[in-house]
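The chain contents come next:
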Amino acid sequence: MEIKELMQELSALKGVSNASMIRDNVVKLDIDKNSSKEFFTKLRDDFGFEHCSLITAIDNQPEFELVYHFTSVNKSVTVGSTDMSVMMEAHVFLERDTPTIESISDLWGGANWHEREAFDLMGIYFVGHPDLRRVLLPEGFAGHPLRKDYVYEIHEEEW
Amino acid sequence: MSSKKVRGNPGLRRGVGSKTTDLDEIMEDPPAGDWLTLRSDQLLEWIDNAVYNVAETTGMREVVNRVTRPIFNYGQRFSPHPLHFGIMCCAIEMGQASAPDHDIDRLGLVYRSSPRQCDVLIVNGPVCEKLRPKLKTLYEQMPEPKWVIAMGECAISGGPYWDSYSVVAGADTFIPVDVYIPGCPVRPEALMHGFLTLQKKIREKEPGMFLRR
């Protein structure tokens, strides 16, 4: 399969917009939040992206942006004249009032701790996650410190 | 016998003013309920008091101290076994100090992996809020006598992370620190100098004798 064909098939799916190429073997997509689970299921089952590399949360005030990176290791896609593995970068935009999205930890097991980290530091709530606890900060920590509007006042008092 | 000085924690000793015989009073066990909540420092204090009282009444204390102090102090100075515990990049320098270039083993340092076998706790990195109770537990698991070395800026004051949301501003906020080694990261030579400073402190400040007082 050519990389251009892959991009066209991906952009024909439901909820996908703004398909573009970042590098020769990296596809970038914007995904609607409501059809994200359906898209990710098809991505794993039909397109062979079997590795969830990374889930990152960004605070572009006022909305949140989730960036998913997926890799297709075994499936070779023709880029130019070479067969190589491809990556896909999916962006999902969330409103600040409702930072919730469906969990994909049942599709990719490695997404479990990525989602816990995004919940811990940025406060994204993954619906359907089996064990949504804090992973880096201790239990009982108040707030989500990587949000731009997080205010930490304790050291201002001490110093 | 009239100049007998009986020391001890009133909570752990009974019948200080009673008219029992001397040996009963000196070697009395702590109350039975206290064994359940007895910490290691309390047990040591009780042993100290019992041994001190016996030695003081019999006059053996000066003799034993005069003989054993140099030996025990020598042993403590030249075998400070640190805990093999690394937090961040200063742990790399700690490993480098054991490498052939610097060979910190010649100071008597043998890294032990269990806190029960250690004398020195090296805090070599920023202590975050999640690590703090674990590090406190490690410190309390170490047997007396024990010392703590704060290695690097992060362990001294929090370093570049002093205003972070999860980094503790210095290891001395929750455990007593004996030697501070500045540097970011600490060079192996500086770590060796820190251990030499600790040896100096043990020689001057610690009794290092069979009888701890």
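Residues numbered from 1 in each chain as written. Chains lettered and ligands numbered in written order. Predicted model: local features only at pLDDT ≥ 70, side-chain atom pairs only at ≥ 80, totals over all residues. Heavy atoms only, no water.

## Quick look at the overall build of chain A
Next up, step 1: Counting its secondary structure elements, chain A contains four helices and seven strands.
Next up, step 2: Listing each helix as α and each strand as β along chain A from the N terminus yields α-β-β-α-β-β-β-β-α-β-α.
Next up, step 3: Taken along the three principal axes of its C-alpha coordinates, chain A extends 60 × 30 × 30 Å.
Next up, step 4: Across chain A, every contact between residues at least 6 apart in sequence was considered, and the portion connecting residues at least 24 apart equals 53%.
Next up, step 5: With 15 positive and 29 negative side-chain charges, chain A shows a separation of 3 Å between the mean positions of the two kinds. (Helix = DSSP H or I, 4+ residues; strand = E, 2+ residues; numbered from the N terminus. Contact = heavy atoms within 4.5 Å. Lys, Arg positive; Asp, Glu negative; His and termini not counted. Charge placed at Lys NZ, Arg CZ, Asp CG, Glu CD.)

## Concerning the packing of aromatic side chains
Residues and elements named next belong to chain A.
Next up, step 1: Inspection of the entire model under this criterion finds nine aromatic pairs over all chains.
Next up, step 2: Note on Phe119 and Tyr125: the rings are 5.2 Å apart at their centroids and 70° apart in plane angle, and the pair reads as edge-to-face.
Next up, step 3: On the basis of relative accessible area, Tyr125 is assigned to the partly exposed category, the value being 38%.
Next up, step 4: A connected cluster of aromatic rings, assembled from ring pairs, spans Phe39, Phe40, Tyr68, Phe70 and Trp108. (Phe/Tyr/Trp six-rings, centres within 6.5 Å; stacked < 30°, edge-to-face > 60°. Buried < 20%, exposed > 50% of the residue type's maximum accessible area, 1.4 Å probe, protein only.)

## A few points about the pattern of salt bridges
All names here are of chain A.
Next up, step 1: Applying the stated criterion to the full structure yields 10 salt bridges over all chains.
Next up, step 2: For Asp45, the salt bridge is made with Arg44, and the minimal N-O distance between the two is 3.2 Å.
Next up, step 3: Residue class for Asp45 comes out partly exposed when judged on its relative accessible area of 47%.
Next up, step 4: Under the relative-accessibility criterion, Arg44 is labelled partly exposed at 31%.
Next up, step 5: A salt bridge links Arg134 to Asp120; its shortest N-O distance comes to 2.7 Å. Here Arg134 is found in the loop between strand E7 (125-127) and helix H4 (154-158), whereas its partner Asp120 is found in helix H3 (residues 111-122), with 14 residues between them in sequence. Each member of the pair Arg134 and Asp120 is classed as buried. (Salt bridge = Lys/Arg side-chain N within 4 Å of Asp/Glu carboxyl O.)

## So, the interface of chain B and chain A
How big an interface is tends to be stated in terms of the accessible area lost upon association of its parts.
Next up, step 1: Every contact between the two is made by nine residues of chain B and, on the other side, 12 residues of chain A.
Next up, step 2: Where chain B abuts chain A, roughly 840 Å² becomes buried across the two surfaces, and 71% of that area is made up of carbon and sulfur atoms.
Next up, step 3: Counting the surface chain B buries against chain A, the share from its top three residues, Lys130, Trp162 and Tyr165 of chain B, is 69%.
Next up, step 4: In this structure, the connection of chain B to chain A is made through zero salt bridges.
Next up, step 5: Joining chain B to chain A, the criterion identifies one residue pair in polar contact (both at pLDDT 80 or more).
Next up, step 6: Taken together, the residues of the side of chain B that touches chain A sort by class into four nonpolar, two polar and three charged. (Buried area = accessible area lost by both parts, 1.4 Å probe. Polar contact = N/O pair within 3.5 Å; in protein donor to acceptor, adjacent residues only side chain to side chain. Nonpolar A, V, L, I, M, F, W, Y, C, P; charged D, E, K, R; others polar.)

## Brief notes about the environment of Ala57 of chain A
All names here are of chain A.
Next up, step 1: Its location among the elements puts Ala57 in strand E3 (residues 51-60).
Next up, step 2: Assessed through its relative accessible area of 18%, Ala57 is described here as buried.
Next up, step 3: Along the primary structure Ala57 and Glu115 are separated by 58 residues, whereas in three dimensions their C-alpha atoms are 9.3 Å apart.
Next up, step 4: Apart from the residues within four sequence positions on either side, Ala57 is in contact with Glu65, Leu66, Ala118, Met122 and Ile124.

## Describing helix H5 (residues 132-141) of chain B
All names here are of chain B.
Next up, step 1: For H5, every residue scored as buried is listed here: Leu135, Leu138 and Tyr139. The buried residues of H5 occupy an angular sector of 100° when projected down its axis, which confines them to one face.
Next up, step 2: In this structure, the buried residues of H5 make contact with strand E1 (120-123) and strand E2 (147-151). (Arc of directions from axis to C-beta.)

## Structural notes on the sheet that holds E2 of chain B
Either a parallel or an antiparallel arrangement is found when strands of a sheet pair, and the pairing is made through backbone hydrogen bonds.
All names here are of chain B.
Next up, step 1: An order of E1-E2-E3 is seen for the three strands of this open sheet, with the pairing classed as parallel. In this open sheet, the two edge strands, each paired with only one partner strand, are E1 and strand E3 (179-181). The average undirected angle you get between the axes of adjacent strands in this sheet is 20°.
Next up, step 2: Here E1 pairs with E2 via four bridges, running parallel. (Pairing = 2+ DSSP bridges. Axes fitted to C-alpha atoms, helices over the stretch in contact; angles between N-to-C directions.)

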